[in-house]
Each structure stands twice: as C-alpha cells, then as structure tokens.
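In case you want the letters, here they are:
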Amino acid sequence: VERNQCRHIQVFQGDASLLDSKKFDLIIANIKRNILLQDMQHYAECLTKKVTLLLSGFYTEYVDMIDEKHRSVGLNLKANQQRNNWVGLKYVN
C-alpha cells in the first residue's frame, strides 16, 4: 500500500470477525483452505456489489471444493493461476 502510494485502502490482519459491519470492494485472503471454506459466507456478506475476491494459500487439489463453496454464495470464478501446486483464484459477482 505504501509503496504504491495508495491512500484509500484499509488493511486488516486477523480473522474474518474483523470484517463485521464493513463493506469492501476487494478482499484478499491468503489462508489455508479450511479457513477459506469456513469464512466464505462471512466474506460474501462484507462484499459490495462490485466485488473482487482474491484467494491463495492452498493446493490445486482443493480448487473444485473451494469453487463450489464460492458459487453457493453467488461468486463466479474469473481467473485461476497455478504454480508449483499452489493456486491463486479471482472471484467476482
């Protein structure tokens, strides 16, 4: 944020409870798959109508499981990047 001289960005470090009562255009989560699955409904509730959700921190074998959960809350997979069995996913609504 500082390096790119961004001024309208809030950064929170912690679990999904930090997002309560807030709305975001972008959420970036680099967390293990079990936590992503557990907190997905919470993330979805905090996203504005123009949303981007970036996820990473899990292996390729979990993409289908994670994608199914995200589709169930109305998010659509827009991009999938993989390297050395690690995955980055981009969701939009």
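Structural data are supplied above this passage.
Predicted model, so just to flag it, every value in this text is computed and none were measured.

A. Up close: the packing of aromatic side chains. The final tally for this structure, using the stated rule, is two aromatic pairs. Centroid distance phenylalanine 12 to phenylalanine 24: 5.9 Å. Interplanar angle 80 degrees. Geometry classified as edge-to-face. One end of the pair, phenylalanine 12, is in the segment before β1 (24–30); the other, phenylalanine 24, is in strand β1, with 12 residues separating them in the sequence. Overall, the relative accessible area of 36% leaves phenylalanine 12 in the partly exposed class. For phenylalanine 24, a relative accessible area of 10% puts it in the buried group. Relative to tryptophan 86, the ring of tyrosine 59 lies with its centre 4.5 Å away and its plane at 40 degrees, an arrangement referred to as tilted. Highlighted residues: tyrosine 59 in strand β2 (residues 47–59) and tryptophan 86 in strand β4 (residues 86–92), separated in sequence by 27 residues.

B. Broad picture of the pairing of β2. Judged from the six bridges that link them, β1 and β2 form a sheet pairing that is parallel. The residue bridging isoleucine 28 from the neighbouring strand is leucine 54, located in β2. Alignment of β2 against β4, held across seven bridges, turns out to be antiparallel. Its bridge partner lying in β4, leucine 55 is registered against leucine 89.

C. Examining the environment of glycine 74 more closely. Structurally, glycine 74 is set in the loop between α2 (63–72) and β3 (76–83). By relative accessible area, glycine 74 is classed as partly exposed at 41%. Between the alpha carbons of glycine 74 and valine 92 there is a distance of 8.7 Å; along the sequence they are 18 residues apart.

D. Structural view of unusual backbone geometry. Phi angles above zero are rare outside glycine, and glutamine 5 is one such case at about 55 degrees. Although it is not a glycine, asparagine 84 sits at a positive phi angle of roughly 50 degrees. Within the secondary structure, asparagine 84 is located in the loop between β3 and β4. Classification of asparagine 84 as exposed rests on a relative accessible area of 69%.

E. Representation of the sheet that holds β2 within the structure. Read across the open sheet, the four strands follow the order β1-β2-β4-β3; overall the sheet is mixed. Each edge of the open sheet carries a strand with a single partner, namely β1 and β3. Taking each pair of neighbouring strands and ignoring which way they run, the sheet shows an average axis angle of 10 degrees. Judged from the seven bridges that link them, β3 and β4 form a sheet pairing that is antiparallel. Note on β4: the bridge partner recorded for alanine 79 is lysine 90. With respect to the sheet, helix α1 (residues 33–46) is in contact with β1 and β2, its orientation differing from that of β2 by roughly 175 degrees.

Conventions and cut-offs
Residues numbered from 1 in each chain as written. Predicted model: local features only at pLDDT ≥ 70, side-chain atom pairs only at ≥ 80, totals over all residues. Heavy atoms only, no water. Phe/Tyr/Trp six-rings, centres within 6.5 Å; stacked < 30°, edge-to-face > 60°. Helix = DSSP H or I, 4+ residues; strand = E, 2+ residues; numbered from the N terminus. Buried < 20%, exposed > 50% of the residue type's maximum accessible area, 1.4 Å probe, protein only. Pairing = 2+ DSSP bridges. Axes fitted to C-alpha atoms, helices over the stretch in contact; angles between N-to-C directions. Contact = heavy atoms within 4.5 Å.

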